[in-house]
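# Inside the fold
Chain residues, written in single-letter form:
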Amino acid sequence: MPNLDGGGAWLPPLAVAVPIVAAAGLAALSRHLPRPAVDVVAIATSLSVVGLTASILSMTAAGRVVTWVGGWTPHHGFSVGIVLVSDPLGAALALLAAVLVTLALVFSWEYVQLDEGHFHALVLLFLAGMEGFALTGDLFDMFVFFELMGAAAYALTGIKIEERRSVQGAMNFGIVNSLGAYVALVGVGLVYSKTGNLGLPQIGRALAHDRPDALVVAAFVMVMTGFLVKGAMAPFHFWLADAHAVAPSPVCVLFSGVMVPLGLYGAFRVYWVAFGTILPVGDIRRTFVVLGVVTALVGALMCVSERNFKRLLAYSTIGHVGLFIVALGVLTAAGTAGAALYVAGHAGVKASLFLVGGVLLARYGSVDEKDLHGRGIDAGMLRWVAVAGGLALACLPPFGTALGKAVSEAAGSAAGYPWCPALFVAVSALTGGAVLRVVGRVFFGLGPVPPEDERQTTGEGEEREGPALERVPMSMWVPIGMLLGGALVMGLLPGVHEAALRAGAAFVDGGGYRRQALAGAHLQFPGAGRTAAGPADWDASGVLLDLLSAALAVGVAALAIWFRVVVRRPFVGEGARRLLSGFRYLHSGHIGDYVAWLMVGLVVLAVFVGLPLVRPS
Amino acid sequence: MNVYPYLVGGWLLLVGALGIARSRNLIHAVLCLSIAQSGTYVLLVAVGFQHNASPPVFGEPPSPVNVHVVDPVVQAMTLTDIVVSATVTALLLSLAVQIHKRHGTLDPDELRSLQG
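Residues numbered from 1 in each chain as written. Chains lettered and ligands numbered in written order. Predicted model: local features only at pLDDT ≥ 70, side-chain atom pairs only at ≥ 80, totals over all residues. Heavy atoms only, no water.

Before going further, it helps to examine the overall build of chain B. In terms of regular secondary structure, chain B is built from three helices and zero strands. N-terminal to C-terminal, the α/β element order of chain B is α-α-α. For 116 residues, the compact-globule formula gives about 13 Å, and the C-alpha radius of gyration of chain B, at 20 Å, lies well above that figure. Expressed along its principal axes, the backbone C-alpha trace of chain B runs to roughly 65 × 30 × 20 Å. For chain B, the share of sequence-separated contacts (at least 6 apart) that also reach a separation of at least 24 residues comes to 54%. (Helix = DSSP H or I, 4+ residues; strand = E, 2+ residues; numbered from the N terminus. Rg over C-alpha atoms; globule rule 2.2 N^0.38 Å. Contact = heavy atoms within 4.5 Å.)

Take a look at the structure:
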């Protein structure tokens, strides 16, 4: 009987249990403790989770870390237990979640001063949910941690209950994501009815030598819908801008940085381990590439037309999510590696930009571009940090975003989509350009004041989450600096690309995952043990494309700032303007619209996946 | 195999989603979400059901090993689902109360603070 609980198997459950216990303690005692003590306990807890997940990650270099909870190890390949499987990508996401939570809590030290609400306990519960979701290998367990993440996230979004916008945003977020989760649960029930198993390895093995029938397709589509609602793929993306516009900035850091990528991770993990052998690769690839392109374009278009800085960043997240979906959706190890690198770089850059937005709110009481025009000129060093953040979002080398974009583009072209570099350059240029436009107007006072648009969500009237600040304290500088610096260091460290390729290869190796979880075989990861030099981190074409997108972003920003000065008559036709405003009208803030789009998306997914299987070709 | 429970489960999910899409009152919308979830309960329990089978309770040993029982795993999933529903519904209803306090209305058509 092979030793299935190898060394370190006790680490993953601990990474989930420690934040839950600490959250319960804080929820009970935070009223009786002084605020600094609450902060210290919360930060110490998340630092311990950083340590735990870092140990798990270092252990995954040798093979996946498999834990059968409660000791219910498989007998002759059959088990009733719940399995936690940590492979390099899952462990890296778990580590990213813990690091972002730590930095968000450090930022909240002075930034968040709310009279009511268990902010720290909710953040720790959110961390527990994310850790469980990233490290589990059981489908129903994924649903449970998905709901735990969700409930904590809805409460954190609506934590400023005095503010009109917050409660509406939290309600939209809550209803749409919960409905997505229930749809996923129907899918889990259908999978169980077909295979009699809930663990991903067992499901994959049960489905391995089968033909796809309507039940399997329905189950797959419903589970994907649930996780992709969290992952903000179009047309499930409407909740994201509302939630980000109203949640406190440290919470937005967690949403954009790791919660949304976790949705994508869950979807593709389920595909590779459970459904990878039964559904035809070409159909799934086409589905995700098309939907990824649509998501990227929706995000980029909405991003450039926003004036609320936090909503603008939210739409840029949607644009980048589209790029992640394209990179993951080409269904190769290289694409997955590129997506992983891009997610990591994007997390650092987007998080630092959200924290800059938080500083703007604390200092000036607004996140509106028009309202803040020229008011940030006295912000000192913060101005240049914001410029660096905007350029990093536009994938300027050597930031981590640039590395991820270069690897993803190469993987997309290699998989047979030669237009990939054009899409990636366009989306990163547009989103980076929108951020640089805001930075130029707010921090440097460039260009004329933009005109009013009465139908748009402004950034005025947003309530501060803490005291008004005169100078930016150290507890806010440190996270901003570490996040942006981390994104920069990631692109400079040697061996990052190779580590990502190994992680990507392990992620797409569904067969190895199944075998190792069920039989305890210590398999070498594919591609491990090569002695030749790994792939170069940067290659010339990737660097040139990255520089191109950064330059285009600066151009887009300049054009947007000085548009009316340079061009006397508007050359954008009336038809295009009406089209854009009609498109923005769809993002109405109305919960009924969002649910209708969710159902439409479910049908679209079903058609994409199921229709090619119906025709007898 | 009796198709009827599956149809009921699917119908509840769809009618719940339709109710949210056409809702004029947020409390009605949250309860429609609850109805959609009830559809998942019916579906899960139906998956585990078997005709002429007994509840999954085993008595004192020696009880016969091959007794025909319904599937307890889906029943455990349903109980977990009910707990999740209780939490989420309570949270969303408290948000609805706050929305009424801040906006003065519960009609989604009247909530205009997040547009564009």
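Read on for the rest.
What follows concerns the overall build of chain A. A tally of helices and strands in chain A yields 23 helices and two strands. Computed over its C-alpha atoms, the radius of gyration of chain A comes to 23 Å, within 12% of the 25 Å expected for a compact globule of 617 residues. Principal-axis analysis of the C-alpha atoms gives chain A an extent of 75 × 65 × 55 Å. A total of 617 residues make up chain A; the buried ones form 63% of that total. Considering only residue pairs separated by 6 or more positions, chain A has 83% of its internal contacts joining residues 24 or more positions apart. For chain A, the accessible surface area stands at approximately 20300 Å², while carbon and sulfur atoms represent 68% of it. Of the side chains in chain A, 38 bear a positive and 37 a negative charge, and the two mean positions are spaced by 6 Å. (Buried < 20%, exposed > 50% of the residue type's maximum accessible area, 1.4 Å probe, protein only. Areas by Shrake-Rupley, 256 points an atom, 1.4 Å probe, with all protein chains shown as cover. Lys, Arg positive; Asp, Glu negative; His and termini not counted. Charge placed at Lys NZ, Arg CZ, Asp CG, Glu CD.)

Residue and element names in this part refer to chain B. The contact between helix α2 (residues 26–48) and helix α3 (residues 72–103) brings their axes to 10 Å, and the two run at 180 degrees. As the angle between them shows, α2 and α3 are arranged roughly antiparallel. Between α2 and α3, the residues in contact are Leu26, Ile27, Val30, Leu33, Ser34, Gln37, Thr40, Tyr41, Leu44, Val45, Val47 and Gly48 and Val74, Met77, Thr78, Asp81, Ile82, Ser85, Thr89, Leu92, Leu93, Ala96 and Ile99, respectively. Looking at the contact of α2 with α3 residue by residue, the class counts come to 15 nonpolar, seven polar and one charged. (Axes fitted to C-alpha atoms, helices over the stretch in contact; angles between N-to-C directions. Parallel < 35°, antiparallel > 145°, perpendicular 65-115°, else oblique. Nonpolar A, V, L, I, M, F, W, Y, C, P; charged D, E, K, R; others polar.)

Glancing now at the interface of chain A and chain B. At the interface, 50 residues of chain A touch 39 residues of chain B. Both faces combined, the contact of chain A with chain B buries some 3900 Å², and carbon together with sulfur accounts for 73% of it. At the junction of chain A with chain B, the criterion picks out one salt bridge. A:Glu162 is paired through a salt bridge with B:Arg102; the nearest N and O atoms lie 3.4 Å apart. (Buried area = accessible area lost by both parts, 1.4 Å probe. Salt bridge = Lys/Arg side-chain N within 4 Å of Asp/Glu carboxyl O.)

Let us look at the packing of helix α6 (residues 164–195) of chain A against helix α7 (residues 200–207) of chain A. All names here are of chain A. Running from N to C, α6 and α7 point in directions that differ by 55 degrees, and their axes come no closer than 10 Å. Taken as axis vectors, α6 and α7 run oblique relative to one another. In the packing of α6 onto α7, the handedness of the crossing is left-handed. Where α6 approaches α7, its residues Val191, Lys194 and Thr195 are matched on the opposing element by Ile203, Ala206 and Leu207. (Left-handed = near helix turned anticlockwise from the far one by under 90°.)

On to the side chain of A:Thr102. All names here are of chain A. As for its placement among the helices and strands, threonine 102 is situated in helix α3 (residues 88–111). Given a relative accessible area of 8%, threonine 102 falls into the buried group. In this structure the side chain of threonine 102 is engaged in a polar contact, spanning 2.8 Å, whose partner is the backbone oxygen of alanine 98. Sequence-distant contacts of threonine 102, that is, excluding residues within four places in its chain, are made with Ile43, Ser46, Leu47 and Val50. (Polar contact = N/O pair within 3.5 Å; in protein donor to acceptor, adjacent residues only side chain to side chain.)

This brings us to the pairing of strand β2 (residues 83–86) of chain A. Residue and element names in this part refer to chain A. Neither face of β2 is open: one carries Val83 and Val85, the other Leu84 and Ser86, and all of them are buried. Judged from the four bridges that link them, strand β1 (residues 65–68) and β2 form a sheet pairing that is antiparallel. Its bridge partner lying in β2, threonine 67 is registered against leucine 84. (Pairing = 2+ DSSP bridges.)

Okay, a nonpolar patch on the surface next. The grouping of A:Val603, A:Val607, A:Leu611 and A:Val614 at the surface amounts to a nonpolar patch, some 370 Å² of accessible area in total. With respect to the secondary-structure elements, A:Val603 resides in helix α23 (residues 591–614). (Patch = residues over 30% accessible without salt bridge, like charges linked within 9 Å, V, L, I, M, F, W, Y side chains within 5 Å.)

Take the packing of aromatic side chains next. Residue and element names in this part refer to chain A. Applying the stated criterion to the full structure yields 20 aromatic pairs over all chains. Relative to tyrosine 342, the ring of phenylalanine 324 has its centre 5.3 Å away and its plane inclined at 75 degrees; by these criteria the two rings are edge-to-face. Taken together, the residues span a long stretch of sequence, with phenylalanine 324 in helix α12 (residues 309–329) and tyrosine 342 in helix α13 (residues 333–364) at a distance of 18 residues. Under the relative-accessibility criterion, phenylalanine 324 is labelled buried at 1%. One aromatic cluster in this structure is built from Phe126, Tyr154, Phe173, Trp239 and Phe255. Of note, lysine 230 hangs over the ring of phenylalanine 146, and the distance from its end group to the ring centre comes to 4.8 Å. (Phe/Tyr/Trp six-rings, centres within 6.5 Å; stacked < 30°, edge-to-face > 60°. Lys NZ or Arg CZ within 6 Å of the ring centre and 35° of its normal.)

Moving on: helix α19 (residues 510–519) of chain A. Burial within α19(A) is extensive, with eight of its 10 residues counted as buried. Inspection of α19(A) places A:Gly510, A:Gly511, A:Gly512, A:Tyr513, A:Arg514, A:Gln516, A:Ala517 and A:Leu518 among the buried residues, and these make up the whole buried set.

To continue, consider unusual backbone geometry. Residues and elements named next belong to chain A. A cis amide bond links alanine 234 to the next residue, proline 235, at an omega of -5 degrees. As for its placement among the helices and strands, proline 235 is situated in the loop between α8 (214–230) and α9 (238–246). The omega angle of the peptide bond from proline 397 to proline 398 is 0 degrees, so this bond is cis rather than trans. Non-glycine residue alanine 232 carries a positive phi angle of around 60 degrees. Looking at the element boundaries, alanine 232 is found in the loop between α8 and α9. With relative accessibility at 0%, the residue alanine 232 sits in the buried group.

For the rest of this paragraph, the subject is the pattern of salt bridges. Tallying each qualifying case throughout the model produces 17 salt bridges over all chains. As a salt-bridge pair, A:Asp242 and A:Arg311 come within 3.0 Å of each other at their nearest N and O atoms. Within this pair, whereas A:Asp242 is found in helix α9, its partner A:Arg311 is found in helix α12, the two being separated by 69 residues in sequence. In this structure A:Asp242 comes out as buried when scored by relative accessible area, which is 0%. We classify A:Arg311 as buried; its relative accessible area is 0%. One salt bridge connects B:Asp107 with B:Arg24, and the closest N-O pair in it is separated by 3.8 Å. With B:Asp107 in the segment after α3 and B:Arg24 in the loop between α1 (4–21) and α2, this pair connects stretches of sequence that are 83 residues apart. Since its relative accessible area comes to 56%, B:Arg24 is described here as exposed.

Residues and elements named next belong to chain A. Counting all residues, the mean pLDDT for chain A is 88, and 92% of those residues have values of 70 or more. The least confident element of chain A, judged by mean pLDDT, is helix α21 (residues 563–566) at 64; the most confident is helix α4 (residues 119–135) at 96. pLDDT under 50 marks residues 1–5. Its contacts with residues more than four places away, or in other chains, come to 13 contacts. Here residues 528–533 is a poorly scored stretch, pLDDT under 50, and it has three contacts once near neighbours within four places are set aside; other chains count. (pLDDT = per-residue confidence, 0-100.)

Attention now moves to helix α16 (residues 420–444) of chain A. For an α-helix the count is 3.6 residues per turn, leaving residues at separations of three or four pointing the same way. Residue and element names in this part refer to chain A. Helix length check: α16, at 25 residues, gives a terminal C-alpha distance of 34 Å against a target of 36 Å (1.5 Å per residue), a fit within 8%. Within α16, 21 of the 25 residues are buried, leaving the element largely enclosed by the surrounding structure. Remark: glycine 445 follows α16 within two positions and exhibits a positive phi of approximately 65 degrees. (Expected span 1.5 Å × (residues − 1).)

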